[in-house]
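Working through the structure, step by step
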Amino acid sequence: MSKRLNIMNMKKLCYTIAVALCCILTSCDKDDEPKTPSEKPDEPIVEMSSAAWETGEKELLAGYWSEKHQIKIETGSDWTLCAEGTMNVEVNDAGTWHLLEEECSGNGNSLLELRIPANGLFEQRTTELIITFEDGRDTLSLAQEASPDMISLIEDEMFRMAVSTSCSIYGIDQDEDMKVSAAEAEFVPDEGTPYGIDAGSWSVKSIKGIENFPHIRHLDLNNSPDLVEMDISANKDIMSLHIYNCPKLEPIDLSSCDKLMELGCDFSMYISVLPFIEEHKTAIHTLGIFNRKDGEVSELDFSGFSGLNRLHIDGNRLTKVELSGCTSLWRFVASGNNFTELDLSDVDRYYDNMYLMDDCPELKTVYVWKGWTPDYYTVFSYDEENNIEFIEK
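Described below are features of the structure shown in this document. (Residues numbered from 1 in each chain as written. Predicted model: local features only at pLDDT ≥ 70, side-chain atom pairs only at ≥ 80, totals over all residues. Heavy atoms only, no water.)

Topic: the packing of aromatic side chains
Summed over the entire model, instances satisfying the criterion amount to 16 aromatic pairs. Residues Tyr350 and Tyr351 carry aromatic rings whose centres are separated by 4.7 Å and whose planes lie at 50 degrees to one another, so their mutual orientation is tilted. Judged by its relative accessible area of 46%, Tyr350 falls in the partly exposed class. Here the aromatic cluster, defined as three or more aromatic residues joined through ring pairs, consists of Tyr355, Trp369, Trp372, Tyr376, Tyr377, Phe380, Tyr382 and Phe390. (Phe/Tyr/Trp six-rings, centres within 6.5 Å; stacked < 30°, edge-to-face > 60°. Buried < 20%, exposed > 50% of the residue type's maximum accessible area, 1.4 Å probe, protein only.)

Thoughts on the sheet that holds strand β15 (residues 286-290)
Strand order in the open sheet formed by nine strands is β11-β12-β13-β14-β15-β17-β19-β21-β23, and the pairing between neighbours is parallel. The outermost strands of the open sheet, each flanked by one partner alone, are β11 (196-198) and β23 (379-382). The sheet shows a mean angle of 10 degrees between the axes of neighbouring strands, taken without regard to direction. Sheet topology note: the β11/strand β12 (residues 218-220) ladder contains three bridges and is parallel. Paired with Asp198 across the strands is Asp220, a residue of β12. In this fold helix α2 (residues 157-169) packs onto β11 and β12, with an angle of close to 125 degrees to the strand it touches most, β11. Running over the sheet, helix α4 (residues 267-279) touches β13 (240-243), β14 (262-266) and β15 and is turned about 140 degrees from β14. (Pairing = 2+ DSSP bridges. Helix = DSSP H or I, 4+ residues; strand = E, 2+ residues; numbered from the N terminus. Axes fitted to C-alpha atoms, helices over the stretch in contact; angles between N-to-C directions. Contact = heavy atoms within 4.5 Å.)

Side note on the side chain of Glu184
Structurally, the position occupied by Glu184 is in helix α3 (residues 182-186). Of the side chains with opposite charge, Lys179 lies nearest to the buried Glu184, which makes no salt bridge, at 9.8 Å. A polar contact is formed between the side chain of Glu184 and the backbone nitrogen of Asp175, at a distance of 3.3 Å. Discounting residues that sit within four places of it in the chain, Glu184 has contacts with Ile172, Asp173, Gln174, Asp175, Lys179 and Tyr195. (Lys, Arg positive; Asp, Glu negative; His and termini not counted. Salt bridge = Lys/Arg side-chain N within 4 Å of Asp/Glu carboxyl O. Polar contact = N/O pair within 3.5 Å; in protein donor to acceptor, adjacent residues only side chain to side chain.)

Section: the nonpolar core
Judged by nonpolar contacts, the single largest core of 75 residues is most densely connected at Phe159, Leu241, Phe302 and Phe332. Mapped onto this core, the elements with two or more residues apiece are α2, α3, β13, β14, α4, β15, β21 (354-357) and β22 (365-368). Broken down by element, this core gets its largest block of residues, six residues, from α4. Every residue in contact with Phe332, bar those within four places of it in the chain, is listed here: Leu311, Ile313, Leu323, Leu342, Leu344, Met354, Tyr355, Leu356 and Met357. Val89, Ile116, Leu129 and Ile131 belong to the second largest nonpolar core, which has 19 residues in total. (Core = buried A, V, L, I, M, F, W, Y, C linked by side-chain atoms within 4.5 Å.)

So, in structure tokens, the structure goes:
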């Protein structure tokens, strides 16, 4: 049987096999050029056309992000595969990825899944995949684009400086060379490790380039008066987002941020993302909502936010706040509001909690849980001159 080396896009496997079979039946030797690799870190797999070649040298240029490919080996004999060069190539062996440092072997028709890890160098890498058969061999020449410095791709000067500083603080720049390669940007830190960008009070005007840091977990853009728009659709690992005191910022799309647990924003922004927050309300543990303007809705409903630990709504002059089902709430900062009553009967009952309700001149009634006493919590402040009535529920 003639030997062919077929490289196929994983997403178009069925189509590729069909084309390869047609090539076998018609002895077609036509090569299709690969498409341009995607530069998006959330879709790193290269788009490729199908190809079926006779034995001989082939070439593939991979992008600097990690990519997956499949190699189809058609032969009736034993075969071995090895890699020679400066470029890392991984092979999937029974569900486990390992570097192709030694020969792997097989017999007959086979389908191998290969992965080219993201480039950790700022120069091109090359290698050759060599498949040896009983009566010959096939060679595929691989090259990988040099990684750019991801920090240099940040457009806004102030944001670039903030990113550079954060990369040093949080270890994103792993080798401490003041640059971040594609391999460093694709690195996923251990769970619970602080990993993000602190750009609060840097007066950021644009965050273009943030898409090249797909695994950051927190992003602070507070106090950016000239920031107008932001796209974090590629930053799917964000858990904490701070964007308050950003008066020009247009409504943002959080649909890709399923891991979000903490949000601090201006009042108008919160209203615009409320459908998303409602959908994820049991996962939200911290909310900070500030800068409500006259004419905006004056009531907020947090019913069923069972995971909410901290809620900051101070200074908004709200007329009503609903907290039923907020059984985990241990910090409630609500000074500077106009509600007449407040129900705290469902909140957490640890003695060291904090509830601030001073400068609420209209507050007259507070519902509490049975057995509550005014000195139970370490911090429980309110305007005593209001003669507030505390009613157990």
